[in-house]
Amino acid sequence: MSAEFGGPSGLRGRLTQWLRGSGPTRTADDGGREALLLAAAGAGLPLAPAAHPAADYRCSCDRVGCPTPARHPVSFAWQTQSTTDRAQIERWARHQPQANFITATGMTHDVLDVPLEAGREALDRLLGAGVEVGPVAESDDGRLLFFTLTRGTPEDEDEWWPCELDCHPETMDEHPGLRWHCRGSYVLIPPARLPGDDHRSVHWVRGPEHPLPDPLSLLETLTEACARHVNAFGL
């Protein structure tokens with residue numbers, strides 16, 4: 001599955017309709033969303049249902065003042081619930097037609113999450129240098145997500161830490177540079193809708209058909225680009 005889905009009458013058109021939303025009475029998937037979710041699962045990315053946007057910039061969850069509207073799992077058991085099982089993902093997608101999905105990191109893959117402009121600069125440099133870059137997703141809230149192999153669990157646990165000791169997804173504004181999503185974290189998987197009236201989304205720049213690279217092959221370029229971004233904007 002590529003970032004290019006065909007013409008308006010094909011997968012791209014159906015996906016665009018879903019991203020725009022069609023109200024709470026919608027009961028059937030249009031094909032585009034489900035196909036992209038299954039492509040991600042087929043690439044080994046474990047998925048679980050997440051919240052979705054509601055009216056007035058709210059979240060579909062019942063939490064008053066939700067700090068991450070439409071960006072969090074619906075179940076506290078998301079780490080054990082996450083799966084690549086095709087039948088289960090089809091059931092979720094069809095029974096929860098408005099839901100976003102997250103992918104749990106630190107199982108088969110990690111995600112290097114960087115500011116959008118820094119990420120675009122780094123992506124151009126990496127591709128220009130012939131470096132193997134895996135799937136990349138763009139979030140319209142200003143982040144670029146580089147999907148990589150997971151570093152796994154080293155023999156010496158002191159060399160690594162759960163991602164939650166870095167920062168939680170709701171504290172991203174306090175961490176404008178690079179964040180490494182590993183054990184204990186998650187990101188939204190395309191296609192996902194973000195709150196707002198301008199059809200903001202999370203979408204693939206490079207689809208999940210690209211093999212996952214070693215994160216260390218991207219890290220230096222990404223950190224250098226993030227450092228320039230932080231310095232340029234005084235963050």
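Residues numbered from 1 in each chain as written. Predicted model: local features only at pLDDT ≥ 70, side-chain atom pairs only at ≥ 80, totals over all residues. Heavy atoms only, no water.

1. Let's talk about the side chain of R206
Okay, step 1: Structurally, R206 is set in strand β9 (residues 201-206).
Okay, step 2: Within the local environment of R206, its side chain forms a polar contact with the backbone oxygen of V133, the two atoms lying 2.3 Å apart.
Okay, step 3: At a separation of 3.2 Å, a polar atom in the side chain of R206 contacts the side chain of H210. (Helix = DSSP H or I, 4+ residues; strand = E, 2+ residues; numbered from the N terminus. Polar contact = N/O pair within 3.5 Å; in protein donor to acceptor, adjacent residues only side chain to side chain.)

2. Let's talk about the sheet that holds strand β5 (residues 143-149)
Okay, step 1: Read across the open sheet, the 6 strands follow the order β6-β3-β5-β4-β9-β8; overall the sheet is antiparallel. At either end of the open sheet lies a strand with only one pairing partner, and these are β6 (179-181) and β8 (192-193).
Okay, step 2: Summarising the sheet, strand β4 (residues 136-139) and β5 pair through 4 bridges and their orientation is antiparallel. From the neighbouring strand, S139 faces β5, where its bridge partner is R143.
Okay, step 3: The sheet strands contacting helix α5 (residues 116-128) are β3 (109-115), β4, β5 and β9, and the helix crosses β5 at an angle near 45°. (Pairing = 2+ DSSP bridges. Contact = heavy atoms within 4.5 Å. Axes fitted to C-alpha atoms, helices over the stretch in contact; angles between N-to-C directions.)

3. Comments concerning the pattern of salt bridges
A side chain of one charge can pair with a side chain of the opposite charge when the charged atoms of the two come close.
Okay, step 1: Under the counting rule described, the total for this entry stands at 8 salt bridges.
Okay, step 2: Among the salt bridges present, the one from R86 reaches E90, with a minimum N-O distance of 3.3 Å. Taken together, the positions of R86 and E90, both in helix α4 (residues 86-95) and 4 residues apart, correspond to about one turn of that helix.
Okay, step 3: Relative accessible area serves as the criterion here: at 51%, R86 is assigned to the exposed category.
Okay, step 4: Residue E90 is classed as buried on the basis of its relative accessible area, which comes to 19%. (Salt bridge = Lys/Arg side-chain N within 4 Å of Asp/Glu carboxyl O. Buried < 20%, exposed > 50% of the residue type's maximum accessible area, 1.4 Å probe, protein only.)

4. Details of the nonpolar core
Okay, step 1: Ranked by size, the top nonpolar core spans 29 residues in total, and within it F147 and I189 carry the most contacts.
Okay, step 2: Listing elements by their share of this core, those giving two or more residues are α2 (32-42), β1 (47-50), α4, β2 (100-104), β5, β7 (186-188) and β9.
Okay, step 3: Judged by nonpolar contacts, the second largest core, of 17 residues, contains L123, L126, L144 and C226. (Core = buried A, V, L, I, M, F, W, Y, C linked by side-chain atoms within 4.5 Å.)

5. Remarks on the environment of S139
Okay, step 1: Relative to the assigned elements, S139 resides in strand β4.
Okay, step 2: Residues S139 and L116 lie 23 residues apart in sequence; the distance between their C-alpha atoms is 8.1 Å.
Okay, step 3: Contact partners of S139, with chain neighbours within four places excluded, come to L194, S201 and V202.
Okay, step 4: A polar atom in the side chain of S139 sits 2.4 Å from the side chain of D141.

6. Describing the packing of aromatic side chains
Okay, step 1: Tallied over the full model, the rule gives 3 aromatic pairs.
Okay, step 2: On the basis of an interplanar angle of 75° and a centroid distance of 4.9 Å, the ring pair of W78 and Y186 is categorised as edge-to-face. Of this pair, W78 sits in helix α3 (residues 78-81) while Y186 is found in strand β7, placing the two residues 108 residues apart along the sequence.
Okay, step 3: On the accessibility criterion, W78 (11% relative accessible area) is buried.
Okay, step 4: Look at W92 and F101: their rings are 6.3 Å apart centre to centre, the planes differ by 50°, and that puts the pair in the tilted class.
Okay, step 5: Given a relative accessible area of 1%, F101 falls into the buried group. (Phe/Tyr/Trp six-rings, centres within 6.5 Å; stacked < 30°, edge-to-face > 60°.)

7. Structural notes on the sheet that holds β2
Okay, step 1: Strand order in the open sheet formed by 3 strands is β1-β2-β7, with antiparallel pairing between adjacent strands. Each having just a single partner strand, β1 and β7 make up the two edges of the open sheet. This sheet shows a mean twist of 35° between the axes of neighbouring strands, independent of strand direction.
Okay, step 2: Across 3 bridges, β2 lies against β7 in antiparallel orientation.

8. Let's talk about α5
Okay, step 1: Helix length check: α5, at 13 residues, gives a terminal C-alpha distance of 18 Å against a target of 18 Å (1.5 Å per residue), a fit within 8%.
Okay, step 2: Along α5, the residues classified as buried are L116, A118, G119, A122, L123 and L126. Along α5, the residues classed as buried sweep out an arc of 150° about the axis, all on the same side. Set apart from the buried face of α5 by more than 90 degrees, the exposed residues are D124 and G128.
Okay, step 3: Positive phi shows up at G130, right after α5, with a value of about 80°. (Expected span 1.5 Å × (residues − 1). Arc of directions from axis to C-beta.)

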